[in-house]
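Given next are the chains, with one letter for each unit.
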Amino acid sequence: MLTDELTGLYNRRHLVNVAFAALTQAKREKTSLSILLLDLDFFKRVNDTYGHPIGDEVLRQVSERLRQCSRPTDTLGRIGGEEFCLLMPATHTHDALQVAERLRREIESIALKGLELNATPTVSIGVTTSNGGSFTFDELYSFADKALYQAKELGRNRVESVLPPKTSNFDNIEGAYTHSVIH
Ligand SMILES: Nc1nc2c(ncn2[C@@H]2O[C@H](COP(=O)(O)OP(=O)(O)OP(=O)(O)O)[C@@H](O)[C@H]2O)c(=O)[nH]1
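Numbering of residues starts from 1 in each chain and follows the order in which that chain's sequence is written. In keeping with the predicted nature of the model, local features appear solely for residues at pLDDT of at least 70, side-chain atom pairs appear and are counted solely at 80 or more, and the whole-chain, interface and lining totals rest on all residues. Side-chain measures here rest on the full set of heavy atoms in the structure, leaving out hydrogens and waters.

**Student:** What am I meant to see in the overall build of the protein here?
**Tutor:** Elements are defined by DSSP. Helices are runs of H or I of four residues or more, strands are runs of E of two residues or more, and each kind is numbered from the N terminus. Within the protein, the regular secondary structure consists of five helices and six strands. Overall, the protein shows an N-to-C arrangement of helices and strands of α-β-α-α-β-β-α-β-α-β-β. The quantity called the radius of gyration is restricted to C-alpha atoms. Its globule counterpart is 2.2 Å times the number of residues to the power 0.38. For a compact globule of 183 residues, the expected C-alpha radius of gyration is about 16 Å, and the protein comes in at 16 Å, within 12% of that figure. The contacts in the protein between residues at least 6 apart in sequence include a share of 69% that link residues at least 24 apart. Note on areas: Shrake-Rupley, 1.4 Å probe, and residue coverage restricted to the protein chains presented here. Accessible area for the protein stands at about 9500 Å²; split by element, carbon and sulfur atoms hold 50% of it. When the 21 basic and 24 acidic side-chain charges of the protein are each reduced to a single mean position, those positions are 3 Å apart. We call two residues in contact when some of their heavy atoms are within 4.5 Å. The charge count treats Lys and Arg as positive and Asp and Glu as negative. His and the chain ends do not count. Every charge is mapped to an atom, namely NZ of Lys, CZ of Arg, CG of Asp or CD of Glu.

**Student:** How should the site of the ligand be read in this particular structure?
**Tutor:** Taken together, 17 residues surround the ligand, and among them Phe42, Phe43, Asp56, Arg78 and Arg156 come closest. At a separation of 2.8 Å, a nitrogen atom of the ligand approaches a polar side-chain atom of Asn47. Computed on the free molecule, the ligand has an accessible area of 660 Å², of which 67% lies beneath the protein chains in the complex. Secondary-structure elements contributing two or more residues to the shell around the ligand are strand S1 (32-40), helix H2 (43-50) and helix H3 (52-69). When residues of the shell around the ligand are assigned to their parent elements, the largest contribution, four residues, is made by H3. By the convention adopted, Pro, Cys, Tyr, Trp, Phe, Met, Ile, Leu, Val and Ala count as nonpolar, Lys, Arg, Asp and Glu as charged, and the other residues, Gly among them, as polar. In the shell around the ligand, the residues fall into five nonpolar, four polar and eight charged. Being near a molecule or strand, for a residue, comes down to having at least one heavy atom within 4 Å of it. Counted as a polar contact is a pair of N or O atoms within 3.5 Å, where, for protein atoms, one must be capable of donating a hydrogen and the other of accepting one, and residues adjacent in sequence contribute only when both atoms are in side chains.

**Student:** Is there a simple way to explain the environment of Phe135 in this structure?
**Tutor:** Relative to the helices and strands, Phe135 is located in the loop between strand S4 (123-131) and helix H5 (137-153). Along the sequence, Phe135 and Tyr50 sit 85 residues apart, while their C-alpha atoms lie 41 Å from each other.

**Student:** So what exactly am I meant to see when it comes to the packing of helix H1 (residues 12-29) against H5 here?
**Tutor:** The angle between the axes and the distance between the axes are what describe a pair of packed helices. Every axis in this analysis is a line fitted to C-alpha atoms, fitted for helices over the stretch in contact. Angles between the N-to-C directions lie between 0 and 180 degrees. At a minimum axis distance of 10 Å, the contact between H1 and H5 shows a crossing angle of 110°. Judged by the inter-axis angle, H1 sits roughly perpendicular to H5. Contacts between H1 and H5 involve Arg12, Leu15, Val16, Ala19 and Leu23 from the first element and Phe137, Leu140 and Tyr141 from the second. Residues of the contact of H1 with H5, tallied by class, amount to seven nonpolar, no polar and one charged. With respect to orientation, any angle under 35 degrees is reported as roughly parallel, any angle over 145 as roughly antiparallel, any angle of 65 to 115 as roughly perpendicular, and every other angle as oblique.

**Student:** Before we go on, may I ask you to explain the side chain of Thr122 in this structure?
**Tutor:** Positionally, Thr122 belongs in the loop between helix H4 (93-108) and S4. A distance of 2.7 Å separates a polar atom in the side chain of Thr122 from a polar atom in the side chain of Asp41.

Below is the structure:
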């Protein structure tokens with residue numbers, strides 16, 4: 001089973017497999033691989049206010065929108081309840097940040113079909129990039145997750161990035177380079 005039942009996106013297990021293959025290729029070809037972690041903001045409120053079935057429908061429509069906006073060469077998965085991951089092979093941070101910002105805008109302006117919510121959903125996004133594939137997926141995930149945490153802390157509905165240090169001696173995430181997108 002490669003896909004998530006609710007949304008039809010790839011599931012976590014498949015996404016991790018694709019990430020391993022993409023990192024191996026990035027290392028061999030000395031290219032960049034960017035990762036976006038996307039998490040819906042205040043999603044608990046949607047469930048609490050409208051009920052779980054409506055929450056499910058929001059997840060379906062947001063997933064479909066993200067899928068429509070992703071390139072065929074990228075891999076989009078639902079990796080947790082309201083968390084998504086986009087793997088972008090051969091993509092530098094600059095371009096990944098632009099994609100993240102575009103996705104953020106798409107979701108904040110989404111017209112949900114058949115649903116009348118008092119606010120449109122928004123998404124916070126964490127971005128990271130492996131240059132030359134020198135980090136494992138778990139290490140990269142932790143950088144993207146740190147960036148996502150910053151995006152939440154700084155007010156949500158925004159994009160943040162945390163880049164790995166230049167060395168492949170990964171031992172301290174605090175040494176990472178952080179970046180904010182101002183909008
Ligand atoms: N409807 C629905 N809700 C889900 C699903 N998976 C997780 N959730 C809900 O997603 C919500 C996540 O809540 P939190 O982790 O508190 O995060 P949040 O409310 O989005 O707040 P922030 O992430 O901090 O902005 C919980 O209410 C979960 O029950 C699902 O498959 N369907």
